[in-house]
Structures are given as structure tokens and as C-alpha cells.
Amino acid sequence: MTEQQLVQAAVAAMQRAYAPYSGFFVGAALLAADGRVFTGCNIENASFTPTVCAERTAVFKAVSEGVRDFKMLAIAGGKSGKLTGVCPPCGVCRQVLSEFCPPDFPVLLAETPDRFRRVTLGELLPYSFSLENTP
Ligand code: THU
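Reading guide: rules and limits
- Residues numbered from 1 in each chain as written.
- Predicted model: local features only at pLDDT ≥ 70, side-chain atom pairs only at ≥ 80, totals over all residues.
- Heavy atoms only, no water.
- Core = buried A, V, L, I, M, F, W, Y, C linked by side-chain atoms within 4.5 Å.
- Buried < 20%, exposed > 50% of the residue type's maximum accessible area, 1.4 Å probe, protein only.
- Contact = heavy atoms within 4.5 Å.
- Near = heavy atom within 4 Å.
- Polar contact = N/O pair within 3.5 Å; in protein donor to acceptor, adjacent residues only side chain to side chain.
- Helix = DSSP H or I, 4+ residues; strand = E, 2+ residues; numbered from the N terminus.
- Nonpolar A, V, L, I, M, F, W, Y, C, P; charged D, E, K, R; others polar.
- Pairing = 2+ DSSP bridges.
- Right-handed = clockwise from strand over helix to strand, strands pointing away.
- Salt bridge = Lys/Arg side-chain N within 4 Å of Asp/Glu carboxyl O.
- Lys, Arg positive; Asp, Glu negative; His and termini not counted.

Q: Summarise the nonpolar core; cite the residues concerned and give the values.
A: Core analysis: the largest hydrophobic core is formed by 23 residues, its most contacted members being Leu30, Phe70, Leu73, Phe105 and Val107. Dropping the residues within four chain positions of it, Phe105 is found in contact with Leu30, Phe70, Lys71, Met72, Leu73, Val119, Thr120 and Leu121. Of all hydrophobic cores here, the second largest spans 18 residues; its members include Ala9, Phe25, Leu108 and Ala110.

Printed below as a string of C-alpha cells:
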């Protein structure tokens, strides 16, 4: 699985978003250490707060299948499913990712179906919360 293939999986997952309220479609593709790919999309709800992001859908699918060891994540998102730039993950998803992934974990942000930006989780969530005190 190449980085470009993972980005394509995120772009494909974006089209499965259920986003009738915001019209904003997001897809995520999480590559596990065993080579499996867990995809996710955002799933909205008429009551709004139960809405879940694409990234957390992917993480929760993997963890609930017993998989906790990850290599990288790709994210694609845009209005009405159109990619016009990167879609960085929200703060809640950054925190959820930090539970399972180290600061050097690569996050690929799709700009177009063929172009992406690579950042690390540590860049996205510096000085993050954990139950250990920072010396
Ligand atoms: N959304 C995601 O799926 N991931 C994020 O990181 C941020 C936002 C979704 C939630 C909602 O369905 C829509 O985008 C607009 O906020």
C-alpha cells in the first residue's frame, strides 16, 4: 500500500459520507501495521451532536476489530464531496489519534486526488494531554 493508494482510499471513503446537514463530506483511510486499511466517513445526525467524524469512524472500526497498531492515516474532505484543498482533522480527532499513534505518526492530507501534504500527528497536536505529567 503506497501513500498515494491510501489517499485514494480516503477520497473513495469521502463519497460514502452521510452529511445531509453540513453538506461537507470527509473520508479517512487508516493503514494498520498488518496491512489492513480501515476506512471511515463522517456520519451526521438530525440531532447534530451524535455526528461522528470520518477519522474517528476509521479509528473506532479498527480498535473494535482488535487492531491498535497503525502506520499512517489519509484524510480527504470538501463541500459536496469536492476536493479543493486539504481538510485537517478536528481537535477531538487529533486527541483520539494521540491515544493510539505516536507524535511522528504520518498524516496525509489530500489536496487533490493526486496530490497530498504530509504532516505528523505531533505537528497537528503539540503539547498534548496525557495522564502522565510532562517533566
Ligand atoms: N468532520 C469530519 O468528518 N472530520 C473532521 O476532522 C472535522 C469535521 C465532519 C463532521 C461534520 O459531519 C462535517 O465534517 C462538518 O463539520
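The discussion continues.
Q: Before we move on, can you summarise the site of the ligand with the specific residues and values?
A: The immediate surroundings of the ligand are formed by Ser22, Phe24, Val26, Asn42, Glu44, Thr51, Cys53, Ala54, Glu55, Pro89 and Cys90. A distance of 2.5 Å is found between an oxygen atom of the ligand and a side-chain nitrogen or oxygen belonging to Glu44. Cys90 places a main-chain nitrogen or oxygen 2.8 Å from an oxygen atom of the ligand. Within the residue set of the shell around the ligand, elements represented by two or more residues are strand 1 (24–32) and helix 2 (54–64). Along the lines of polarity and charge, the residues of the shell around the ligand split into 6 nonpolar, 3 polar and 2 charged.

Q: Explain the pairing of strand 4 (residues 106–112) to me, and be specific about the residues and the numbers.
A: Put simply, side chains in a regular strand alternate between the two faces of the sheet. The buried count for strand 4 comes to 5 of 7 residues, which makes it a mostly enclosed element. Sheet topology note: the strand 3 (residues 70–79)/strand 4 ladder contains 3 bridges and is parallel. Bridge pairing in strand 4 places Ile75 opposite Leu109. Once you follow strand 3 into helix 3 (residues 91–100) and on to strand 4, the crossover reads as right-handed. The hairpin formed by strand 4 and strand 5 (residues 115–120) contains 2 residues between the paired strands.

Q: If you had to explain the pattern of salt bridges to someone new, which residues and values would you point to?
A: One pass over the full model with this rule turns up 4 salt bridges. Between Arg118 and Glu3 there is a salt bridge, with its nearest N and O atoms 2.6 Å apart. One end of the pair, Arg118, is in strand 5; the other, Glu3, is in helix 1 (residues 3–14), with 115 residues separating them in the sequence. Note on Glu3: relative accessible area 23%, which makes it partly exposed. A salt bridge links Arg115 to Glu111; the nearest nitrogen and oxygen atoms lie 3.6 Å apart. By relative accessible area, Arg115 is classed as partly exposed at 48%. Judged by its relative accessible area of 18%, Glu111 is buried. In the salt-bridge network here, residues are joined through shared partners; they are Glu111, Arg115 and Arg117.

Q: Before we move on, could you go through the environment of Gln4 and cite the residues and values that matter?
A: Counting through the fold element by element, Gln4 comes out in helix 1. C-alpha of Gln4 to C-alpha of Phe116: the two residues are 112 residues apart in sequence and 8.1 Å apart in space.

Q: Give me the side chain of Arg94: which residues, what numbers.
A: Structurally, the position occupied by Arg94 is in helix 3. The side chain of Arg94 is buried and forms no salt bridge, while Glu55, the nearest opposite charge, is found at 7.7 Å. In terms of polar contacts, Arg94 uses its side chain to reach the backbone carbonyl oxygen of Pro89, at 2.6 Å. Sequence-distant contacts of Arg94, defined by excluding residues within four places in its chain, comprise Pro88, Pro89, Leu121, Leu124 and Leu125.

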